[in-house]
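# Coordinate inspection notes
What follows is the residue order along each chain.
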Amino acid sequence: MERQADLEDVQSYVDIKRAAAGLYRDLGMSFEVDEERAARDWSEHVQRSSAWVWEEDGRVAAYLVLRRLSESMHIDQVTVHPDFAGRRIGAKLIEVANDQALLLGEKQLSLTTFETVPWNAPYYVRLGFTTVPGQQLSPEMSRILDEESKNSPAGWKRVVMTRRAG
């Protein structure tokens, strides 16, 4: 069940990030989780009321972080702990994002993701998202994609994807 996140969820956030990073390492990507930075980030998300968690089997199994852009409700992060994979928790959190978009009058969901990682772009296609060609990106989305691409492992292309809210 989803709920608005709170500061007490910070360790779950760090644990989920760390566990998910292990999946990327299996593909040859390297992501380190800086616990202090993660705690600061989580505090900001909670203060902005932009984070949700999903509880399953008595523990936090996943989290969602949103932000409102000029043309969409943007999914900054949606991450499910690998122990809870295959339960459609990610899809349920995408629907939380959809509900928030509709609540705020947004017509579109957006996100950035790795193009070829199986649980990234191919997964979002199954949830109704489509890739936006680079030449069609708004300046705002181009900046987000550029920043994330700079901080991504070499050779792993990131893309912007969108879906109509509703």
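Below is a summary of the structure that appears in this document. Note that the structure is a prediction, hence the values are computed from the model and not measured.

It is worth spelling out the environment of V132 at this point. Checked against the element boundaries, V132 lands in the loop between β6 (130-131) and α5 (139-150). Spatially, the C-alpha atom of V132 lies 7.4 Å from that of V159, the residues being 27 residues apart in sequence. Excluding residues that lie within four positions of it along the chain, V132 makes contacts with L137, V160 and T162.

What follows deals with helix α1 (residues 10-25). The end-to-end C-alpha distance of α1 is 23 Å, a good match for the 22 Å that 16 residues give at a rise of 1.5 Å each. Inspection of α1 places Y13, V14, I16, A20, A21, G22 and Y24 among the buried residues, and these make up the whole buried set. Residues of α1 that are buried make contact with α2 (35-47), β3 (59-68), β4 (73-80) and β5 (108-114).

Moving on: the nonpolar core. With 27 residues, the main nonpolar core has L64, I75, L93, I94, Y124 and F129 as its most contacted residues. Those elements giving two or more residues to this core turn out to be β2 (51-56), β3, β4, α3 (89-103), β5, α4 (121-126) and β7 (158-164). The leading source of residues in this core is α3, at seven residues. In this view, F129 contacts I75, I94, L109, L111, Y124, M161, T162 and R163; residues no more than four positions away in its chain are not counted. Of all hydrophobic cores here, the second largest spans 14 residues; its members include V14, V46, V60 and V65.

Another point: the pairing of β5. In terms of burial, β5 is largely enclosed, as six of its seven residues are buried. Since β4 and β5 lie parallel, the crossover through α3 that links them has a hand, and here it is right-handed. As judged from the seven bridges shared by β5 and β7, these two strands associate in the antiparallel manner. Paired with F114 across the strands is R158, a residue of β7.

What follows concerns the sheet that holds β2. The strand order β1-β2-β3-β4-β5-β7-β6 describes an open sheet built from seven strands, whose pairing is mixed. The open sheet has two edge strands, β1 (2-4) and β6, and neither has a second partner. Sitting on the sheet, α5 touches β3, β4, β5 and β7, and the angle it makes with β7 is about 140°.

Within the structure shown, the criterion is met by seven aromatic pairs. Arranged with centres 5.5 Å apart and planes meeting at 65°, the rings of Y123 and Y124 form a pair that is edge-to-face. By the burial criterion, Y123 is buried, and Y124 matches it. An aromatic cluster of at least three residues, connected via ring pairs, comprises Y13, W42 and Y63. Residue placement shows R158 over the ring face of F114; its charged tip is 4.6 Å from the ring centre.

Reading the values: rules and limits
- Residues numbered from 1 in each chain as written.
- Predicted model: local features only at pLDDT ≥ 70, side-chain atom pairs only at ≥ 80, totals over all residues.
- Heavy atoms only, no water.
- Helix = DSSP H or I, 4+ residues; strand = E, 2+ residues; numbered from the N terminus.
- Contact = heavy atoms within 4.5 Å.
- Expected span 1.5 Å × (residues − 1).
- Buried < 20%, exposed > 50% of the residue type's maximum accessible area, 1.4 Å probe, protein only.
- Core = buried A, V, L, I, M, F, W, Y, C linked by side-chain atoms within 4.5 Å.
- Right-handed = clockwise from strand over helix to strand, strands pointing away.
- Pairing = 2+ DSSP bridges.
- Axes fitted to C-alpha atoms, helices over the stretch in contact; angles between N-to-C directions.
- Phe/Tyr/Trp six-rings, centres within 6.5 Å; stacked < 30°, edge-to-face > 60°.
- Lys NZ or Arg CZ within 6 Å of the ring centre and 35° of its normal.

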